[in-house]
Amino acid sequence: MVGPARPQFVLFGSSIVQLSFSHGGWGSILSDLYARKADILLRGYFGWNSRRALEVLDQVFPKDAAVQPSLVIVYFGGNDSMGPHPSGLGPHVPLPEYVENMRKIANHLQSLSDSTRIIFLSCPPVNEATIRANKSPYLSELVRTNELCQQYSEACIKLCQEMDIKVVDLFTAIQKGDNCFTDGIHLSAEGNKIVAEEILKVLREADWKPSLHWKSMPTEFAEDSPYDLVAADGKTTLNPSEWTFYRESHWNSL
């Protein structure tokens with residue numbers, strides 16, 4: 001482990017998480033905003049559902065770890081919500097089981113530490129027309145519908161309300177944008193931007209102590225130094241630790 005020790009934010013989920021550093025992904029946006037404040041750790045697994053998440057939960061989040069994450073952002077549901085395959089194979093998980101799996105994940109994460117915070121992301125919609133147009137010769141037909149996505153999204157939100165867990169309603173949020181998908185399922189830069197915005201809203205509004213919003217967290221090695229760039233007056237230096245000019249100004253308001 002490298003130092004100094006920083007808060008750890010873990011992104012745990014399926015392909016929406018694994019790809020969150022691609023296509024202007026929401027994970028990469030968070031990593032930029034928290035570059036000198038927290039370590040963003042990726043634990044995303046393409047094609048996974050809540051059953052597989054339970055199988056590795058103790059390995060990804062061991063209860064006896066010396067350091068526990070400050071924040072865990074969890075997304076499962078898109079693959080669970082796929083229609084069942086006649087063979088019994090595939091990622092489909094019946095809705096009642098999905099809810100119980102997500103409850104077990106939440107209970108495990110809550111047991112890690114009194115200071116570990118949790119945000120769940122609900123199942124986003126899909127572009128059904130694009131999915132139909134992009135049939136793969138290597139896969140059986142993908143049964144992905146917005147009707148199923150909405151059912152799993154609403155069930156996730158209801159569970160979070162029952163357990164007092166912060167949740168982002170991605171099914172509603174993604175529908176506010178245009179061109180949010182790359183293939184009808186996975187998120188484009190615009191879709192990822194919406195996810196990042198919604199997560200930042202939760203972090204800004206959450207009554208957590210300490211706050212995990214990027215503007216409220218201390219900046220690493222923020223002290224002035226004679227080795228900083230020399231100012232125009234030729235006598236002083238400019239501390240760059242809080243510079244944001246390189247970043248799209250939109251993010252500075254979130």
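Let me begin by describing the structure that accompanies this report.

1. A few points about the packing of helix H4 (residues 95-110) against helix H6 (residues 146-163)
- Where H4 meets H6, the axes come as close as 10 Å, and the angle between the chain directions of the two elements is 40°. The two elements H4 and H6 meet at a crossing, and its hand is right-handed. Residues Leu95, Tyr98, Val99, Met102, Arg103, Ala106, Asn107 and Gln110 of H4 form the contact with H6, whose participating residues are Gln151, Tyr152, Ala155, Cys156, Leu159, Glu162 and Met163.
- The class makeup of the residues in the contact of H4 with H6 is 10 nonpolar, 3 polar and 2 charged.

2. Things to note about the sheet that holds strand S3 (residues 71-75)
- Spatial strand order, S2-S1-S3-S4-S5: 5 strands in an open sheet with parallel pairing. The open sheet has two edge strands, strand S2 (39-44) and strand S5 (166-168), and neither has a second partner. Taken pair by pair, the neighbouring strands of this sheet meet at an average axis angle of 20°, ignoring direction.
- Sitting on the sheet, helix H2 (residues 26-33) touches strand S1 (8-13), S2, S3 and strand S4 (117-121), and the angle it makes with S2 is about 165°.

3. Quick notes on the nonpolar core
- Trp26, Tyr34, Ile119, Phe120, Leu121 and Ile199 are the most contacted members of the largest nonpolar core, which has 69 residues in total.
- Filtering out sequence-adjacent residues up to four positions away, Trp26 remains in contact with Leu11, Ile16, Val17, Ser20, Ile73, Leu121, Asn192, Val195, Ala196 and Ile199.

4. Details of the environment of Pro218
- Residue placement: Pro218 occurs in the loop between helix H8 (189-205) and strand S6 (229-230).
- Judged by its relative accessible area of 67%, Pro218 is exposed.
- Remark: the alpha-carbon pair of Pro218 and Arg36, spanning 182 residues in sequence, is separated by 8.3 Å.
- With near-sequence residues (within four places) excluded, Pro218 lies in contact with Arg36 and Lys37.

Each value, and the rule that gives it
Residues numbered from 1 in each chain as written. Predicted model: local features only at pLDDT ≥ 70, side-chain atom pairs only at ≥ 80, totals over all residues. Heavy atoms only, no water. Axes fitted to C-alpha atoms, helices over the stretch in contact; angles between N-to-C directions. Helix = DSSP H or I, 4+ residues; strand = E, 2+ residues; numbered from the N terminus. Left-handed = near helix turned anticlockwise from the far one by under 90°. Contact = heavy atoms within 4.5 Å. Nonpolar A, V, L, I, M, F, W, Y, C, P; charged D, E, K, R; others polar. Pairing = 2+ DSSP bridges. Core = buried A, V, L, I, M, F, W, Y, C linked by side-chain atoms within 4.5 Å. Buried < 20%, exposed > 50% of the residue type's maximum accessible area, 1.4 Å probe, protein only.

The quantities given are spatial measurements derived from coordinates; they are silent on function.
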